[in-house]
Structures are given as structure tokens and as C-alpha cells.
Amino acid sequence: MSELPSIVFHEPRIPQNTGNAIRLAAVTGAALHLVEPLGFDLSEPKLKRAGLDYHDLAHLTVQPDLETLLATDPEARVFAFTTKATTRYSDVEYRPSDLLVFGPEPTGLSDEVLAHPRITDQVKIPMLPSRRSLNLTSSASIVIYEAWRQLGFPGGE
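To keep things clear, this report deals only with the structure shown in the data block. Everything quoted here is computed from the prediction, not taken from an experiment.

Here's the deal with the overall build of the chain
For the chain, the count of helices and strands is five helices and seven strands. Mapped from its N terminus to its C terminus, the chain presents α and β elements in the order β-α-β-α-β-α-β-β-β-α-β-α. Its C-alpha atoms give the chain a radius of gyration of 14 Å, within 12% of the compact-globule value 15 Å for 157 residues. Counting only residues that meet the buried cut, the chain has 45% of its 157 residues in that class. Within the chain, residue pairs in contact and separated by at least 24 positions form 78% of the contacts whose partners lie at least 6 positions apart. In the chain, 14 positive and 20 negative side-chain charges are present, and the distance between their average locations comes to 9 Å.

Structure below.
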């Protein structure tokens, strides 16, 4: 098990964002889970280019659906990131077994996912009013670095 929470992209649509997330996973040591359906093929050049040469350094798994992912660790806390939440990402005390779930571009997580009984809490990243959202990998970066900071940057230099 990683010393960090896992990043979960639920039904990602933009290959460049996923390529950047692969790079993020490689440099932090966080696992990256992609929940199907994906809006691209994993061999797509844009994904490879955005991930640079980090693909072999990242722990990446593709799950056929959310239920399969959640079954891998029935005790894991599951945080769903949404602009609709009231809990701030910086108010969560992260654990290595946590799953950090981010929704597809441009819609975010569906109401069905947000209402899933395994969701521990809905969490937001504060923004100025009247702004729609942050970039998917930018959001994941903010949160995983906060989790890594809280856990003392294990393995980091």
C-alpha cells in the first residue's frame, strides 16, 4: 500500500489531464485509479506526451466501474470532490488508505456517485464566486500535496 491516499479519476474525458495525473502520481508516489468508461484510449499520443516519461514510474490501475474499485478496500474512506460541498479539502485529516475521487471534465461527479453510500464526505477546493471549476489535475494536485504534507512527506526529498 502507498503511504499516500489514492487519486481516483472517475470517467475521465481529456487525455492530457490524465497524462498529467500520471506524472503527478509518479512524482508523489500516490496510486492513480481510472474508473471506466474513459473518454480516450490509453495509448493516445496526447496522454503519452502529457505524462512525459513518467508512465513507468506511476502506479496506475484501470477499474471497470466504481463498485470494483471500492471492493478493493471495503474499509477505505472515500472523499468525493465537488464544488457543491461544504467541507474544505484542508479540513480533512487524510490517511494513506483514503480514496480521493474526482469527476469527469466538464461535468464533475454525477449525483448518483455523490449519493453513493460509501462516500465518507463531499469535499471542495475553495474558489472565488461565479467560477465553474479548476482543471482536474490541478485539483488532484492541490489535494494530494495537502495529504502528503499532513503525512510528513513520506519518501519525499
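Moving on from the coordinates now.
Description of the nonpolar core
Grouped together as the largest cluster of nonpolar side chains are 29 residues, with contacts concentrated most on Ile7, Phe9, Phe81 and Phe102. Those elements giving two or more residues to this core turn out to be β1 (6-10), α1 (15-28), β2 (32-35), β4 (78-81), β6 (99-102) and α5 (136-150). The element best represented in this core is α5, accounting for six residues. Residues contacting Ile7, with those up to four places away along its chain left out, are Leu24, Ala30, Ala31, Leu32, His33, Leu100, Phe102, Ala140 and Ile144.

A short note on unusual backbone geometry
Negative phi characterises most residues that are not glycine, and trans characterises most peptide bonds. The peptide bond linking Glu36 to Pro37 adopts the cis configuration, its omega dihedral lying at 5 degrees. Considering the arrangement of structural elements, one finds Pro37 in the loop between β2 and α2 (45-51). Cis geometry marks the peptide bond from Glu105 to Pro106; its omega dihedral reads 0 degrees. Structurally, the position occupied by Pro106 is in the loop between β6 and α4 (111-114). Here Ser130, not a glycine, exhibits a phi torsion of approximately 65 degrees, which is positive. Along the polypeptide, Ser130 turns up in the loop between β7 (119-124) and α5.

Notes on the packing of α1 against α5
Contact geometry of α1 with α5 gives a least axis separation of 9 Å together with a crossing angle of 15 degrees. Comparing the axis directions of α1 and α5 gives the class roughly parallel. Of the two elements, α1 crosses α5, and the hand of that crossing is right-handed. In this structure, α1 contributes Asn17, Asn20, Ala21, Leu24, Val27 and Thr28 to the contact, and α5 contributes Leu136, Thr137, Ala140, Ser141, Ile144, Tyr145 and Trp148. For the contact of α1 with α5, a count of residues per class yields eight nonpolar, five polar and no charged.

Thoughts on the sheet that holds strand β5 (residues 87-88)
Taken together, the seven strands give an open sheet; going across it, the order is β3-β2-β1-β6-β4-β7-β5, and neighbouring strands pair in parallel fashion. The sheet is open, and its two edges are formed by β3 (60-63) and β5, each paired on a single side. Sheet analysis places β4 next to β6, joined by three bridges and oriented parallel. Bridge pairing in β6 links Ala80 to Val101. Sitting on the sheet, α1 touches β1, β2 and β3, and the angle it makes with β2 is about 155 degrees. With respect to the sheet, α5 is in contact with β1, β4 and β6, its orientation differing from that of β6 by roughly 160 degrees.

Remarks on the side chain of His116
Within the secondary structure layout, His116 lies in the loop between α4 and β7. For His116, a relative accessible area of 14% translates into the label buried. In this structure His116 touches Leu66, Glu67 and Leu70, once residues within four positions along its chain are discounted.

Parameters and conventions
- Residues numbered from 1 in each chain as written.
- Predicted model: local features only at pLDDT ≥ 70, side-chain atom pairs only at ≥ 80, totals over all residues.
- Heavy atoms only, no water.
- Helix = DSSP H or I, 4+ residues; strand = E, 2+ residues; numbered from the N terminus.
- Rg over C-alpha atoms; globule rule 2.2 N^0.38 Å.
- Buried < 20%, exposed > 50% of the residue type's maximum accessible area, 1.4 Å probe, protein only.
- Contact = heavy atoms within 4.5 Å.
- Lys, Arg positive; Asp, Glu negative; His and termini not counted.
- Charge placed at Lys NZ, Arg CZ, Asp CG, Glu CD.
- Core = buried A, V, L, I, M, F, W, Y, C linked by side-chain atoms within 4.5 Å.
- Axes fitted to C-alpha atoms, helices over the stretch in contact; angles between N-to-C directions.
- Parallel < 35°, antiparallel > 145°, perpendicular 65-115°, else oblique.
- Left-handed = near helix turned anticlockwise from the far one by under 90°.
- Nonpolar A, V, L, I, M, F, W, Y, C, P; charged D, E, K, R; others polar.
- Pairing = 2+ DSSP bridges.

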